[in-house]
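What follows is each chain in one-letter form.
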Amino acid sequence: MTLNGSIEDVGYLKCDTDDASETQEEKLGEEAFDTVNSSIVSGESIRFFVNVNLEVQPTQAADGESPDGCGLLHTSRKYLKLKNFEEEIRAHRDIDGFLARASIILNEPATSLDDVLRAMVLRIAHDPHNMEPNCNLDLLMSMLFTDAGAPMAVHLLSDTIQGVTATVTGVQYQQSWLCIICISKSLQKRHVCISRLVRPQNWGENSCEVRFVILVLAPPKMKSTKTAAEVGRTFATMFLDITFRQKLLKTRTVEEFKEALVHQRQLLTMSQASPSNMKIYNMSYACLPRPHPRLRSKDFLPVGKGIREDFARRFPVYPLDFTDGIIGKNKAVGKYITTTLFLYFACLLPTIAFGSLNDENTDGAIDVQKTMAGQSIGGLLYALFSGQPLVVLLTTAPLALYIHVIRRICDDYNLDFNTFYAWTGLWNSFFLAVYALFNLSLIMSLFKRSTEEIIALFISITFMLDAVKGMVKIFQKYYYGNTPGNYSVDHSSLVSLLGLSTNLNASFHTALNNSLMGSPQELTSMSSHPNKHPGRDTAVLSLLIMLGTLWLGYTLYQFRKSPYLHPYMREILSDCALPISVLTFSLICSYGFQEIKMSKFRYNPSESMFEIAKMQSLSLGAISSAMGLGFLLSMLFFIEQNLVAALANAPENRLVKGTAYHWDLLLIAIINTGLSLYGMPWIHAAYPHSPLHVRALAQVEDRVEHGHICETIVNVRETRLTSLGASILVGFSLLLLPFPLQWIPKPVLYGLFLYIALTSIDANQLFERLALLLKDQASYPPTHYIRRVPQRKIHYFTGLQVLQLLLLCAFGMSPLPYMKMIFPLIMIAMVPIRYKLLPQIIEAKYLDVMDAEH
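Residues numbered from 1 in each chain as written. Predicted model: local features only at pLDDT ≥ 70, side-chain atom pairs only at ≥ 80, totals over all residues. Heavy atoms only, no water.

**Quick word on a positive patch on the surface**
Okay, so step 1: On the surface, a cluster of positive charge is contributed by Arg296, Lys298, Lys305 and Arg308.
Okay, so step 2: The residue Arg308 is located in helix 8 (residues 305–314) in this model. (Patch = residues over 30% accessible without salt bridge, like charges linked within 9 Å, V, L, I, M, F, W, Y side chains within 5 Å. Areas by Shrake-Rupley, 256 points an atom, 1.4 Å probe, with all protein chains shown as cover. Salt bridge = Lys/Arg side-chain N within 4 Å of Asp/Glu carboxyl O. Lys, Arg positive; Asp, Glu negative; His and termini not counted. Charge placed at Lys NZ, Arg CZ, Asp CG, Glu CD. Helix = DSSP H or I, 4+ residues; strand = E, 2+ residues; numbered from the N terminus.)

**Focus: the packing of helix 11 (residues 368–385) against helix 24 (residues 721–732)**
Okay, so step 1: Where helix 11 contacts helix 24, the axes come no closer than 8 Å and their chain directions differ by 160°. Put simply, helix 11 runs roughly antiparallel to helix 24. The hand of the helix 11/helix 24 crossing is left-handed. Along its contact with helix 11, which presents Met372, Gln375, Ser376, Gly379, Leu380, Ala383 and Leu384, the element helix 24 presents Ser723, Leu724, Ser727, Ile728, Val730 and Gly731. (Axes fitted to C-alpha atoms, helices over the stretch in contact; angles between N-to-C directions. Parallel < 35°, antiparallel > 145°, perpendicular 65-115°, else oblique. Left-handed = near helix turned anticlockwise from the far one by under 90°. Contact = heavy atoms within 4.5 Å.)

**A look at the pairing of strand 9 (residues 191–201)**
Okay, so step 1: Of all eleven residues making up strand 9, eight are buried, and the element is well covered by its neighbours.
Okay, so step 2: Sheet topology places strand 4 (residues 103–108) next to strand 9; four bridges connect them, and they run parallel. Paired with Ile105 across the strands is Ser195, a residue of strand 9.
Okay, so step 3: By the bridge criterion, seven bridges tie strand 9 to strand 10 (residues 210–218) in an arrangement that is antiparallel. Following the sheet pairing, Ile194 is matched in strand 10 by Ile214. (Buried < 20%, exposed > 50% of the residue type's maximum accessible area, 1.4 Å probe, protein only. Pairing = 2+ DSSP bridges.)

**What to know about the nonpolar core**
Okay, so step 1: Ile406, Phe417, Leu578, Trp682 and Leu808 are the most contacted members of the largest nonpolar core, which has 137 residues in total.
Okay, so step 2: Element by element, the count of residues in this core is highest for helix 21 (residues 620–648), at 14 residues.
Okay, so step 3: Setting aside chain neighbours within four positions, we find Phe417 in contact with Thr362, Ala365, Ile366, Ile403, Ile406, Arg407 and Cys410. (Core = buried A, V, L, I, M, F, W, Y, C linked by side-chain atoms within 4.5 Å.)

**Brief notes about unusual backbone geometry**
Okay, so step 1: Cis peptide bonds are those with omega within 30 degrees of zero, and the linkage from Tyr687 to Pro688 qualifies with 5°.
Okay, so step 2: The residue Pro688 is located in the loop between strand 12 (684–685) and helix 23 (689–696) in this model.
Okay, so step 3: With an omega of 10°, the peptide bond between Phe739 and Pro740 qualifies as cis.
Okay, so step 4: By the element assignment, Pro740 lies in the loop between helix 24 and helix 25 (746–760).
Okay, so step 5: One non-glycine residue, Arg654, adopts positive backbone phi at about 55°.
Okay, so step 6: Mapped onto the fold, Arg654 is located in the loop between helix 21 and helix 22 (661–677).
Okay, so step 7: What makes Arg654 partly exposed here is its relative accessible area of 39%.

**Focus: the pairing of strand 7 (residues 170–173)**
Okay, so step 1: With four bridges joining them, strand 6 (residues 163–167) and strand 7 adopt antiparallel strand pairing. Across the sheet, residue Val164 finds its bridge partner in strand 7, namely Tyr173.

**Description of helix 24**
Okay, so step 1: Across its twelve residues, helix 24 extends 16 Å between first and last C-alpha, which sits within 8% of the 16 Å expected from 1.5 Å per residue.
Okay, so step 2: Residues of helix 24 that are buried include every one of Thr722, Ser723, Leu724, Gly725, Ala726, Ser727 and Val730, and no others.
Okay, so step 3: Here the buried face of helix 24 lies against helix 9 (320–323), helix 10 (333–361), helix 11 and helix 23. (Expected span 1.5 Å × (residues − 1).)

**Thoughts on the side chain of Glu87**
Okay, so step 1: Its place among the elements puts Glu87 in the loop between strand 3 (75–80) and helix 1 (89–100).
Okay, so step 2: Classification of Glu87 by relative accessible area gives buried; the value is 15%.

**Thoughts on helix 19 (residues 567–575)**
Okay, so step 1: Within helix 19, burial applies to Arg570, Ser574 and Asp575. Burial along helix 19 is one-sided: seen end-on, the buried residues are contained in an arc of 130°.
Okay, so step 2: Summarising the contacts, the buried residues of helix 19 are in contact with helix 10, helix 18 (536–557), helix 20 (577–592) and helix 23. (Arc of directions from axis to C-beta.)

**Looking at the packing of aromatic side chains**
Okay, so step 1: Using the criterion set out here, one finds 22 aromatic pairs in the structure.
Okay, so step 2: Seen from their ring centres, Trp177 and Phe239 are 6.3 Å apart, and the 40° between their planes marks the pair as tilted. Here the residue Trp177 occupies a position in strand 8 (residues 177–183), and Phe239 occupies one in helix 4 (residues 228–239), the gap between them amounting to 62 residues. The burial state of Trp177 is the same as that of Phe239; both residues are buried.
Okay, so step 3: Residues Tyr591 and Trp743 carry aromatic rings whose centres are separated by 5.9 Å and whose planes lie at 85° to one another, so their mutual orientation is edge-to-face. Of this pair, Tyr591 sits in helix 20 while Trp743 sits in the loop between helix 24 and helix 25, placing them 152 residues apart in sequence.
Okay, so step 4: With a relative accessible area of 47%, Tyr591 lands in the partly exposed category.
Okay, so step 5: Through a chain of ring-to-ring contacts, three or more aromatic side chains come together here, namely Trp177, Phe212, Phe239 and Phe244.
Okay, so step 6: In this arrangement the basic side chain of Arg769 is found over the ring face of Tyr785, its NZ or CZ atom lying 5.9 Å from the centre. (Phe/Tyr/Trp six-rings, centres within 6.5 Å; stacked < 30°, edge-to-face > 60°. Lys NZ or Arg CZ within 6 Å of the ring centre and 35° of its normal.)

Below you can see the structure in the form of structure tokens.
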């Protein structure tokens, strides 16, 4: 076995493993393989390399071996990055664990590699701190080499790490040290032994003057940051420094040796923290937490600065928003069609549901037709003129709550609803325009990623809870026969049902349950066979339809990972998962079970859809009252619009055309001005539709990191055509009222809610860290926070986020309407919690790492 090398100042880490053997052909006088020279070397970090030299002992031909003694050698090489002692917490843990029960052999007199390794294994076995009762020393020794269980007696180290140097001719190996890795099921914990030889040993090619041998033993089932390769990477990073190795040669005792290790660790920590050395070690700035700039008063001036910058950033690429994927080499017409269909169904059903809810709350003043018309017009204008067209606009449950409150005020004070609604919307648009002109969207930079993900997970939870509650109501009505005495809805019960939160659009579904119940005639669903509970078939069918919609949608969504069919067909089925599931189970419910009647959406046709409000009919006092409601409404718009846009523009989505927060906020104000005047429901950015829209247009790759499969977005087609097409289709859907749209049953809608909730939590880091509490450590993914933050701190941070999530639920799910109306203030209050309270519990550097993008 031989390994050779030399010192390198800059380079990568490179690790090679050899899984089989190949013999020398003495008759031909050829070498089994040549010294490896690689030109694929960068000058920005250090590489470790493993090379294997063959020393073949003559044996008889065995099974799988050719008669002339030839065999096959499988050599696998990979580059490893240096261990970052400044950021990766496990680097210090590895050193501390080694120092606590150090196995160090000074002045080892053995000259052969086998004798050196046997002495090291015996030292570990006889150490009282490293007892391994089930370990067989002979078996462990044999596992260090490739001839364990092989038909050929080819004595090669199976897994090693070595330093290399990048030169103009290729790669040279560091010859004075060698790190050997072994994984054995008989081990119960990790062990490290370092041996310093009395004199340099020549063990063949690429290892002509070995003085240090590092042996790392570990069991196979380990956390991704505790594997044998990770421990070996820690010590190999330290031994790359020639000055450190020369210092170790001068040590005379084990204690001096330990002190040298501690001093080297301190040097690596300080050097890797300095910006000059960060370039040498190829530190990716995307992996580092980026501190938000401190906001100053001059950042908000001059007026309109942010809007001008948005125009300067987005206007040059505006034509590309229409031509990318249509003209040129990388066409994506099929992707655009499937995404448009997905977006159409994802927007249409909530729009109809909100229209039914608003119809009931306003006595027909805002109905399904106006809701669909407003959605189509607003979405069309936003798709044409917005700075970030991937953001999806919808009317949401908080907006439905405000509409209901406005209706109650108008009834109490005998005001004209359309006029008061228009004035409230105009004041809201006025305040939004002020926010945009004075660049107040910069305040949203204070919202860290953890805060955004708390809100996002809260919305996903409300989607699931609302679907479950809707199904519970169906069972109470049909399965158990708990028919209420009347179907009127009082104010308190309606407010209780008006969405579980005034947070983003996800909370509308509880309110939707009431509106979808409709009239007693609509709720009647009985089988033709008389029995004690005539509606049980409706309840059971509703449950099956809901679960079937979820199952089919999510199965097709994950079909991209399936081995079946052609990759192009798998991608099409995955993109069309939502339309296929909705249409399939709507047809099954409507035609397959015609004898079982399901409830339908509430629908009353509008008498005049485009009638402008009479603005002069209100008194000055009423207009002032509308200003107060408009201000509260503008806070809701401001936070939700910017938060959803930030989630869509997240760095992991790899959008390249830039953002336009200020201009988009002003455009929302303009759009809602027109909607207010014509009595149509307001709209703003919707979650999770916007991130799902980005995901639908993304090209995703599966990458394997330390045995874990990670989905990574390579690029996203940033186009206006999909949202534009979906808005046009929603407008044409007005021609489909009341039929066939009323054939879509409520359980399909509940299945849609579950599907959206389930797909929206895929990339939620808070949900991933919650899942860590239920996972074996060996199954932990190699994420940036797993490597850089102690495990206990990660769980503390997760627990604190859960407490904040419960705080959101306490206000967002409260039955009291006024607590829901102040919900934006609760979201704003999470900013000082993150900046003032959490650093008192967890160190700020760990908080910044967990809030980092990658």
